[in-house]
Amino acid sequence: MNIENVDTDQIIPARFLKATSREGFGKNFFRDWKYNNDDEKQPKQDFVLNNPIFSGKILVGAKNFGCGSSREHAAWAIKDAGFDVVVSSFFADIFKSNALNNFLLPVQVTEDFLRKIFEAVQKDATIQIEVNLERQTIKLLDSSEETAEVFEINLYKKTCLLNGYDDIDFLLSMKPVIEQFEEQL
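This one's a predicted model, so the numbers in the text were calculated from it and none came from an experiment.

1. Section: the environment of Asp166
Consideration 1: Among the structural elements, Asp166 can be located in the loop between helix 6 (155-163) and helix 7 (167-173).
Consideration 2: According to the relative accessible area criterion, Asp166 is partly exposed, its value standing at 34%.
Consideration 3: Each C-alpha atom of the pair Asp166 and Val177 lies 18 Å from the other, and the pair is eleven residues apart in sequence.
Consideration 4: In contact with Asp166, other than residues within four places in its own chain, are Phe103 and Cys160.
Consideration 5: Here the side chain of Asp166 touches Asp169 through a polar contact of 2.7 Å, landing on its backbone nitrogen.

Here's what the structure looks like:
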């Protein structure tokens, strides 16, 4: 999705923010960009996410993805739409935090690597991208050459994502260490 400055209101329009549970937001993910006249029966043919050739669990966005308001619903909508990873050369800090707190991995790459992704997709829309959280790598899987980059992630959030922990689960996983510390006092 080679569109810069995608804000959270575009990801999930404000009129769909009435629910407080995380389920059901995927159907309104990019609602105004996906459909003509807000009619689910009339998808816009020229919107990239309506093209069935693009499938998978990795959403590639251009620079400044997730800017705008701090709505957590944007991360909920992306996850509910079936994505586990969002790739961009820059994320708004609040979006990045909301994504990580909702088990959506924001992979920030260099401008150069992002350009390579879009060029590769332009040549072959079926090219595969591999993200390895443990190794903190992102690769374009192309038979002609392997293009890869390392990405940064906070160690605490990496641990949580790898283990399926939210903040409370992480603390509970530390219970034996905490108990041992308390015994020493």
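2. Focus on the sheet that holds strand 6 (residues 146-150)
Consideration 1: Strand order in the open sheet made by the three strands is 4-5-6, with antiparallel pairing throughout. Only two strands of the sheet have a single partner each, and these edge strands are strand 4 (128-132) and strand 6. Here the strands of the sheet are splayed against their neighbours by 15 degrees on average, with no regard to which way each runs.
Consideration 2: Of the pairings in the sheet, the one linking strand 5 (residues 137-141) to strand 6 comprises five bridges and is antiparallel in character. Note that in strand 6 the partner of Ile138 across the bridge is Glu149.
Consideration 3: Contacting strand 4, strand 5 and strand 6, helix 5 (residues 111-123) crosses the sheet at an angle of about 25 degrees to strand 5.

3. A look at the layout of surface pockets
Consideration 1: Roughly 690 Å³ of internal volume is contained in the largest pocket.
Consideration 2: Considering the residues around the largest pocket, the lining is formed by 26 residues, among which Phe54, Ser55, Ile58, Val60 and Val121 are closest to the centre.
Consideration 3: Listing elements by their share of the lining of the largest pocket, those giving two or more residues are strand 1 (58-60), helix 5 and strand 4.
Consideration 4: Taken together, the residues that form the lining of the largest pocket break down as 16 nonpolar, eight polar and two charged.

4. Digging into the packing of helix 3 (residues 73-80) against helix 4 (residues 93-101)
Consideration 1: Remark: helix 3 packs on helix 4, axes separated minimally by 8 Å, with the N-to-C direction vectors making an angle of 50 degrees. Considered as vectors, helix 3 and helix 4 are oriented oblique to each other. The two elements helix 3 and helix 4 meet at a crossing, and its hand is right-handed. In this structure, helix 3 contributes Ala74, Ala75 and Ile78 to the contact, and helix 4 contributes Phe95, Asn98 and Ala99.

5. Re the pairing of strand 4
Consideration 1: Where strand 4 meets strand 5, five bridges bridge the pair, whose relative direction is antiparallel. Across the sheet, the residue bridging to Gln128 is Leu141, located in strand 5.
Consideration 2: Hairpin connection from strand 4 to strand 5: four residues lie between these consecutive antiparallel strands, with Gln136 at a positive phi of about 60 degrees.

6. What about the pairing of strand 2 (residues 85-88)?
Consideration 1: Of the two faces of strand 2, the one carrying Val85 and Val87 and the one carrying Val86 and Ser88 are both buried.
Consideration 2: Relative to strand 2, strand 1 is paired through three bridges, and the arrangement is parallel. Directly across from Ile58, in strand 2, lies its bridge partner Val85.
Consideration 3: Chirality of the crossover, the property in question, places the unit of strand 1, helix 3 and strand 2 among those that are right-handed.
Consideration 4: Sheet topology places strand 2 next to strand 3 (residues 105-108); four bridges connect them, and they run parallel. Across the sheet, Ser88 pairs through a bridge with Gln108, a residue of strand 3.
Consideration 5: Note that the unit made of strand 2, helix 4 and strand 3 has a crossover that is right-handed.

7. Some thoughts on the sheet that holds strand 3
Consideration 1: The strand order 1-2-3 describes an open sheet built from three strands, whose pairing is parallel. Of all strands in the sheet, those bounded by a partner on one side alone are strand 1 and strand 3. Adjacent strand axes in the sheet meet at a mean angle of 20 degrees, parallel and antiparallel pairs treated alike.

What counts as what
Residues numbered from 1 in each chain as written. Predicted model: local features only at pLDDT ≥ 70, side-chain atom pairs only at ≥ 80, totals over all residues. Heavy atoms only, no water. Helix = DSSP H or I, 4+ residues; strand = E, 2+ residues; numbered from the N terminus. Buried < 20%, exposed > 50% of the residue type's maximum accessible area, 1.4 Å probe, protein only. Contact = heavy atoms within 4.5 Å. Polar contact = N/O pair within 3.5 Å; in protein donor to acceptor, adjacent residues only side chain to side chain. Pairing = 2+ DSSP bridges. Axes fitted to C-alpha atoms, helices over the stretch in contact; angles between N-to-C directions. 1 Å grid on protein atoms, 1.4 Å probe; cavity = no way out; pocket = protein on both sides within 12 Å on 5 of 7 lines; lining within 4 Å. Points joined across faces, edges and corners; volume = space filled by probe spheres on them. Nonpolar A, V, L, I, M, F, W, Y, C, P; charged D, E, K, R; others polar. Parallel < 35°, antiparallel > 145°, perpendicular 65-115°, else oblique. Left-handed = near helix turned anticlockwise from the far one by under 90°. Right-handed = clockwise from strand over helix to strand, strands pointing away.

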